[in-house]
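So the chains spell out like this:
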Amino acid sequence: MTRRLTTDEIARYRNDGFHFPVRVMSSEDAGAYRRRLEDHERATGAPIAGNMRHKVHLLFTWANDLARHPAILDAVEDLIGPDILCWSSTFFIKEARSPSFVSWHQDATYWGLSTDEVVTAWVAFADAPVESGAMRFWPGSHLRKQLEHRDTFDENNLLSRGQEIAVDVPEGAGVDVPLKAGEMSLHHVLLAHASGPNTTGDRRIGFALRYIPPHVRQLKVRDSATLVRGRDPFGNFDPEPAPKADLDAAAVATHREAVERSAKALYSGTDRTTFRA
């Protein structure tokens, strides 16, 4: 028996590489998460950026709670099983009238994980219409397995390396993925996806959570992850503790170490050692 997705929805995910929309919370609750983020940004005087955008669930109690949200995990369980690790979490934010974009890419390219049993839950903190730079998916592209990529390091690209697939996406093949605040999309780690600039007067705020079953391994470094449901009988990842308070000293130290490990894996073979904003 499935927990959240129907049998047909799971079949379409397997065939297309994605599923949306999935309502995981009310728009009011999504707005409350947005306020927590923007309270932090007001306190620091700037949008969240750099390493702070990554492994966010290790820094803030509210982000850790969201990584464990039952409505998210029920859908993820339907796709990868009952034992679930949260391997990473990342904010993808496009400011109002921003030229920022994301090139066509596959998430798996630089991650160093042993299998493609990885699902991304992209949660909208605010409405993400097409005009805001909503994601676009290339249906079935995950079945092409790993495609060649090239690094561009474009200053407006939200990806750390400006990576893009070295394959032309057929005209009209992309599917727009507009979401309302409180909805999420799910996509396969090998699915080619992209997004354009934000032409609206509001921020597009997406929180991407990457989930894996515990038998997955990191092939590049000794990595860490957070057990969010079930059990981990494999021990392939060092366990990450939940923050006891937002940005407390222990949480900041845990986050720093975890991001350094991720950077070593992501930038293996390059001279870049930190994530870019």
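Everything quoted here is computed from the prediction, not taken from an experiment. (Residues numbered from 1 in each chain as written. Predicted model: local features only at pLDDT ≥ 70, side-chain atom pairs only at ≥ 80, totals over all residues. Heavy atoms only, no water.)

Caption draft 1: Up close: the packing of aromatic side chains. According to the stated counting rule, one finds 10 aromatic pairs in the structure shown. Pairing Phe 18 with Phe 20 gives two aromatic rings, centres 6.2 Å apart and planes at 35 degrees, and the pair type is tilted. Look at Phe 125 and Phe 207: their rings are 5.9 Å apart centre to centre, the planes differ by 55 degrees, and that puts the pair in the tilted class. One end of the pair, Phe 125, is in the loop between β4 (119-124) and β5 (135-137); the other, Phe 207, is in strand β11 (residues 204-212), with 82 residues separating them in the sequence. Comparing Phe 125 with Phe 207 shows no difference in burial state: the two are buried. Here Arg 53 stacks its cationic end above the ring of Phe 92, 5.5 Å away from the centre of that ring. (Phe/Tyr/Trp six-rings, centres within 6.5 Å; stacked < 30°, edge-to-face > 60°. Helix = DSSP H or I, 4+ residues; strand = E, 2+ residues; numbered from the N terminus. Buried < 20%, exposed > 50% of the residue type's maximum accessible area, 1.4 Å probe, protein only. Lys NZ or Arg CZ within 6 Å of the ring centre and 35° of its normal.)

Caption draft 2: Structural detail: the confidence of the model for the chain. On average, residues of the chain carry a pLDDT of 92, and 96% of them reach 70 or more. Across residues 269-277, confidence stays below pLDDT 50; counting only partners more than four residues off in sequence or on other chains, it has 29 contacts. (pLDDT = per-residue confidence, 0-100. Contact = heavy atoms within 4.5 Å.)

Caption draft 3: Region of the structure containing the environment of Leu 247. Topologically, Leu 247 is positioned in the loop between β13 (238-239) and α5 (249-266). A relative accessible area of 34% places Leu 247 in the partly exposed class. C-alpha separation for the pair Leu 247 and Thr 61, spaced 186 residues apart in sequence, amounts to 8.6 Å.

Caption draft 4: Molecular detail of the sheet that holds β5. The sheet built from four strands is open, its strands ordered β3-β10-β5-β8 with antiparallel pairing. Pairing within the sheet leaves two strands with one partner each, and these edge strands are β3 (102-105) and β8 (175-177). Taken pair by pair, the neighbouring strands of this sheet meet at an average axis angle of 25 degrees, ignoring direction. (Pairing = 2+ DSSP bridges. Axes fitted to C-alpha atoms, helices over the stretch in contact; angles between N-to-C directions.)

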